[in-house]
Amino acid sequence: MFGRRVLLAGAAVAPFGLRRARAQVRPIRLGVLGDFSGPYRHLSGPTAVACVKQAVEDSGILQKGIAVEVIQADHQQKADAGLATAREWFDRGGVDVVLEVNNSSIALALNALVREKDKIHLNTGAATSELTAKACSPNTIQWTYDTYMLARSSGVATVQAGAGTFFIIAADMAFGHQMERDVTRFVEAGGGKVVGSLRHPFPGTTDFSSMLVQAQRSRAKVVAFANAGTDFINCVKQAHEFGLVARGQKLLGTIAFVNDVKSLGLETTKGLLLTESFYWDLNDRTRAFTKRVLPKTPDNYPNQTHAGNYSAVIHYLKAVSEVGAARAKASGREVIEVMRRMPTDDDAFGAGSIRVDGRHLHDVHLFEAKAPAESTHPWDLLKLVRTTPAAEAFRPLSEGGCSLA
């Protein structure tokens, strides 16, 4: 009922009396609520769980005698199913933290629930920037990205490079709508123009040919996709078949991942622009983290949401170590306050911080997919175009409208 569980128990090295006291405290329980069977499985699911387990191992909390249990469940891309799972986790499963939640509608619904239950929502997968705006919560931290950040990094840099006209194809869902608005905002602010946009049903769309034909006819210099997972993969694949890039149009993935590039191949994706907060080959620390986690997920390298789970759990467990397991289980809000006071630093995202509105701040990177001749091995796929510093990458606190600010 509660999903698969993996108990990571602390080493029994404490004196007997202390061991007995600790045994009275139930384990810290982390629930990965992700896509394990749908269009985002390769971007979420098993690799997210692997990164959470790696964070538990790397945190050192097990050596302090605090047990941690990792639980997983498939939200099925349905807000009612996702919220019902989270409620059952909190009411009957003893779950303290819900992670991943790579669906904006589910994430927004969960915000109210964690506030009611005084639990924690470490959102590493949903992109809606509303999580740190009017829908902000003292029990939620949005870790990896949001539509503002993705649109700013992707749109501003592309306009600055001389691509002044855009055509947007967006998923007809909360994330797609927000991304469409944010991309339009930054393109127009930079002196560019959105010459057209279309929305496709989500989930279930597989044929994007009519939309791509309209994008082609628009003669926009950039065709931007405000969708993800298999929808994005199908769009890029069909755009390649229709010859959009061959005719001079640039493709932009507003929320694309290294796993998408791997799935499509460099012959299809060469020149594609995408923003990620993490890339496995970015520096020595990201390579070291990837080397540690790969035995748990040998067929799928971690992307930014996977790495976001690692980064968020590492920092959460630091706070648990400070307040103790009993207090951590008693009040999620207290743990969040401790997390905000401490700077963040880990091998996946490097140095960062957490704002009062729940926005995790870190550097953001715009990448371009390599040409086949530039790649030296199967996962050597991206090259860095531009890094936006943390202080510039995210929406200013004053613009969000969060009541906590």
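Throughout this document, residue positions are counted from 1 along each chain, in the order its sequence is written. Only residues with pLDDT of at least 70 are given local features in this predicted model, and only at 80 or more are side-chain atom pairs given and counted; all residues enter the totals for whole chains, interfaces and linings. Only hydrogens and water are set aside; all other atoms, that is, all heavy atoms of the structure, feed into the side-chain values.

As named in an unreviewed UniProt entry, the protein is ABC transporter substrate-binding protein, taken from Pseudoroseomonas ludipueritiae. UniProt positions are given in the numbering used here, feature names are shortened, and annotations may be inferred rather than shown by experiment. Under the UniProt heading Sequence similarities (unreviewed entry), the entry covering the protein gives this text: "Belongs to the leucine-binding protein family."

Participant: In this structure, what is going on with the sheet that holds strand 12 (residues 344-346)? I would like to understand it.
Facilitator: Paired through their backbone hydrogen bonds, the strands of a sheet run either parallel or antiparallel. Here, strands pair whenever DSSP counts at least two bridges between them. Strands are runs of DSSP state E lasting at least two residues, helices are runs of H or I lasting at least four, and both sets are numbered from the N terminus onward. Spatial strand order, 12-13-14: three strands in an open sheet with antiparallel pairing. Whereas interior strands pair on both sides, the edge strands pair on one side only; in this sheet they are strand 12 and strand 14 (360-361). Relative to strand 14, strand 13 (residues 350-354) runs antiparallel, the two sharing two bridges. Of the residues in strand 14, the one forming a bridge with I354 is H360.

Participant: I'm lost on the nonpolar core in this one. Help?
Facilitator: The tendency in soluble globular proteins is for nonpolar side chains to be buried side by side. With 77 residues, the main nonpolar core has I28, L30, L122, F225, Y316, M339 and L382 as its most contacted residues. Element by element, the count of residues in this core is highest for helix 12 (residues 304-323), at ten residues. The residues touching M339, leaving out its near neighbours within four places in the chain, are L122, I141, W143, A312, H315, Y316, A319 and I354. Ranked by size, the runner-up nonpolar core spans 36 residues in total, among them V194, F202, A390 and A393. In these notes, a set of buried Ala, Val, Leu, Ile, Met, Phe, Trp, Tyr and Cys residues joined through side-chain atoms within 4.5 Å is what counts as a nonpolar core. Between buried and exposed lies partly exposed: a residue is buried under 20% and exposed over 50% of the maximum accessible area for its type, with that area taken using a 1.4 Å probe on protein chains only. Contact between two residues is taken to exist if any of their heavy atoms lie within 4.5 Å; hydrogens are not considered.

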